[in-house]
Amino acid sequence: MILGLDDITGGREIVGFFVWLGLTFLFYLVGYVAALNVIDDLTKNRWIKIPIMWGLAFVTSGLMSILNYNPLILFFVMLVANYFRLKNLTLSNNEKFENSASSKAIFYIASYGYILLVLGITHYIDFRSSS
């Protein structure tokens, strides 16, 4: 006799949890770490960073909506991680942006705007599709 997920107590819930955990890890790596660091490297300390990051929020939110992922826990993880990321990026002795003085406003508006837009758009898309 072969046991299936229905035969194991909580089997489907456990698999669902691991899928959610995997999506959280995936979106953290791709949608936050990789995306924001690549955009920072490409745009440096220019104002074009803001519309690029905010535009990227629509792509990330679309992927989350397609995969039916609720980013509430990821949202808080991204907020805390972003605080420490920006703290390191805007230091005066930062090797990454040593040629020009970094404008804290550009980094804060772009990255926190990205995070808030990802959460807001994902919830809006989920709300609109479920009705």
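Before any of the text, the structure's been laid out above.
Now for a description of the structure that goes with this document. Numbering of residues begins from 1 in every chain and follows the order in which that chain's sequence is written. Only residues with pLDDT of 70 or above have their local features reported here, since the model is predicted, and side-chain atom pairs are shown and tallied only from 80 upward, although totals for entire chains, interfaces and linings are computed over all residues. Note: side-chain values were computed over all heavy atoms of the structure, leaving out hydrogens and water.

## Examining the packing of helix 1 (residues 11-43) against helix 3 (residues 72-89)
Item 1. In the contact formed by helix 1 and helix 3, the axes pass within 11 Å of each other and the chain directions differ by 30 degrees. Between helix 1 and helix 3, the crossing angle belongs to the class labelled roughly parallel. In the crossing of helix 1 with helix 3, the sense of the turn from one axis to the other is right-handed. Residues W20, T24, F27, Y28, Y32, L36, N37 and D40 of helix 1 pack against I73, L74, V77, M78, A81, N82, R85 and L89 of helix 3. To get an axis, fit a line to the C-alpha atoms, keeping to the stretch in contact for a helix; angles then go from 0 to 180 degrees between the N-to-C directions. Labels follow the DSSP assignment, with helices taken as runs of H or I lasting at least four residues and strands as runs of E lasting at least two, numbered in each case from the N terminus. Just so you know how the angles are binned, under 35 degrees is roughly parallel, over 145 roughly antiparallel, 65 to 115 roughly perpendicular, and the rest oblique. Working rule for handedness: look at the near helix, and if it is turned counterclockwise from the far one by less than a right angle, call the crossing left-handed; if clockwise, right-handed. Only heavy atoms enter the contact rule, under which two residues are in contact if any of them lie within 4.5 Å.

## Let's talk about the pattern of salt bridges
Item 1. Basic side-chain nitrogens of Lys or Arg form a salt bridge, by our definition, when they fall within 4 Å of a carboxyl oxygen of Asp or Glu. Summed over the entire model, instances satisfying the criterion amount to two salt bridges.
Item 2. A salt bridge links D40 to K49; the nearest nitrogen and oxygen atoms lie 2.7 Å apart.
Item 3. With a closest N to O distance of 2.3 Å, D40 and R85 form a salt bridge. Here D40 is found in helix 1, whereas its partner R85 is found in helix 3, with 45 residues between them in sequence. The two residues D40 and R85 agree in class, both being buried. Each residue is placed in one exposure class: buried if its accessible area under a 1.4 Å probe, protein chains only, is under 20% of its type's maximum, exposed if it is over 50%, and partly exposed if it falls in between.

## Describing helix 1
Item 1. Helix span is expected to be 1.5 Å times the residue number reduced by one. The end-to-end C-alpha distance of helix 1, which contains 33 residues, comes to 46 Å, matching closely the 48 Å that a straight helix rising 1.5 Å per residue would cover.
Item 2. The largest bend along helix 1 reaches roughly 30 degrees and is located at A35.
Item 3. Considered for burial, the residues of helix 1 that qualify are G11, L23, T24, F27, G31, Y32, A35, L36, I39, D40 and T43.
Item 4. After helix 1 finishes, the residue K44 shows a positive phi value of roughly 55 degrees. One axis is fitted to the seven residues ending at the residue and one to the seven starting there. The bend at that residue is the angle between these axes.

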